[in-house]
Amino acid sequence: MANVTSHIISNFSVTNLAATTSYPTCYSGHLVMDWLYIVNGLVAVFVAFCLLMILSGDSDILLQLMERFGKSPECLTEKVVWITGASSGIGEALAYEMARARCRLVLSARREKELERVKMECIRVGGLSQEDVLVLKLDIKEYSEHESAVQQVHKTFQKIDILINNAGRTNKGKWTSTCLAVDQELLAVNVLGPVSLTRAVLPHMMSRNEGHIVVTSSVAGKLGAALYAGSYFGSKHALQGWFDSLRPEVYSKNIAVTSVCPGPIYTNLLQDALKEKEGEILQGRMDPHKHRMSSKRCARLMAVAIANRCDEAWISTTSGLVSLYLNQYFPDTFKWFVKIFSAKLMAEIDNELNTKLESQTKNGK
């Protein structure tokens, strides 16, 4: 009898054990699948959200979020902001943006008359006084003058909070036909000028443990896809490298370094563009019918990036943003696209340049 009872109890225990172990195992599997569905759904939503922002926006995703939820440029009120290349284009528009934020301004470029015009407009749009805006004529290539220029700014405002290295120049010509003098000119203006001026300003910022260095780079500084502008693209790549190297070195001194990479912006940059031979100037104009961002909108986004002390900011139309993200995350695919479509794009540029040349010839230029 004892054996029969023992056998029944044994069978009952095994049955119960099987029941208690098999069901949780099955249930656990369902839980894992449920969580996988949730994770996959969240990833899909995130990817869709990113694609939507890239395709509908005019800046990188982080900068779009900063514009909506971050600090506004008005937080820069009373800051002393020095802008080079302030007589036209992005520099001029940025001067107005900083004036609206009621910053004190230093405006530098080679054309003093144009700087005076910009100064008067800054006073009007920002409600500033004459003493709030200093016009400082400066050729960014004259490196020996940079130290005295810094001293003059300090004499006027006693400090420099933000230096915006915006002065720059471009070129139009085939890589294989461009002379070395053109390369040297663009390196002098686009790279060594900002490096020299920044080195003259940094000791004063470091002594205060506070400051902000900004460089106007370009989408060209991120993409290896130069089409008849190899010297310009190369100089912007160099600019990126120089200031990417500076950023970690001055971080402990509370000095931010922001590289701004604008894409196609409507400015007068082509008017002073270099051609393939030394001394030749393109004197071109951007086609107003082509889709380009306004310098005013670019300046606003730059001001947001500066206010939020971003390390890098991409500002461009959709085509530029797509190119930047493709190059960042799918570099081999992007390079393949460039090689495939470069012949067509260069043919279009050739046609545009020849049309301008014929027009200038007819006008006796």
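This is a predicted model, so every value here is computed, not measured.

Observations concerning the pattern of salt bridges
1) Next: Per the counting criterion, the structure on display carries 18 salt bridges.
2) Next: Arg117 serves as the salt-bridge partner of Glu92, at 3.0 Å between the closest nitrogen and oxygen. In this pair, Glu92 is assigned in helix α3 (residues 89-100) and Arg117 in helix α4 (residues 112-126), connecting sequence segments 25 residues apart.
3) Next: Glu92 gets classed as buried once you look at its relative accessible area, which sits at 15%.
4) Next: We note a salt bridge from Arg117 to Glu114, for which the minimum N-O separation is 2.9 Å. With Arg117 and Glu114 both in helix α4 and three residues apart, the pair spans about one turn of that helix.
5) Next: Note on Arg117: relative accessible area 37%, which makes it partly exposed.
6) Next: Connected through salt bridges with shared partners, the residues Lys79, Lys159, Asp161, Arg208 and Glu210 form a single ionic network.

Here we look at helix α9 (residues 318-329)
1) Next: Between the first and last C-alpha of α9 there are 17 Å, a value that for 12 residues agrees with the 16 Å anticipated at 1.5 Å per step.
2) Next: Here α9 has its buried residues at Gly320, Leu321, Leu324, Tyr325 and Asn327. The arc that holds every buried residue of α9, seen down its axis, measures 165°, which confines them to one face. With respect to the buried face of α9, the exposed residues turned more than 90 degrees away are Ser319 and Tyr329.

Looking at the packing of helix α6 (residues 180-208) against helix α7 (residues 230-250)
1) Next: In the contact formed by α6 and α7, the axes pass within 8 Å of each other and the chain directions differ by 20°. If you check the angle between α6 and α7, you find them roughly parallel. Helix-helix and strand crossings are classified by hand; for α6 and α7 the assignment is right-handed. Packed against α6, whose contacting residues are Val182, Asp183, Leu186, Leu187, Asn190, Val191, Pro194, Val195, Thr198, Arg199 and Leu202, the element α7 presents Ser231, Tyr232, Ser235, Lys236, Ala238, Leu239, Trp242, Phe243, Leu246 and Val250 at the interface.
2) Next: Its residues assigned to classes, the contact of α6 with α7 shows 14 nonpolar, four polar and three charged.

The rules behind the values
Residues numbered from 1 in each chain as written. Predicted model: local features only at pLDDT ≥ 70, side-chain atom pairs only at ≥ 80, totals over all residues. Heavy atoms only, no water. Salt bridge = Lys/Arg side-chain N within 4 Å of Asp/Glu carboxyl O. Helix = DSSP H or I, 4+ residues; strand = E, 2+ residues; numbered from the N terminus. Buried < 20%, exposed > 50% of the residue type's maximum accessible area, 1.4 Å probe, protein only. Expected span 1.5 Å × (residues − 1). Arc of directions from axis to C-beta. Axes fitted to C-alpha atoms, helices over the stretch in contact; angles between N-to-C directions. Parallel < 35°, antiparallel > 145°, perpendicular 65-115°, else oblique. Left-handed = near helix turned anticlockwise from the far one by under 90°. Contact = heavy atoms within 4.5 Å. Nonpolar A, V, L, I, M, F, W, Y, C, P; charged D, E, K, R; others polar.

Keep in mind these numbers describe shape, not what the thing actually does.
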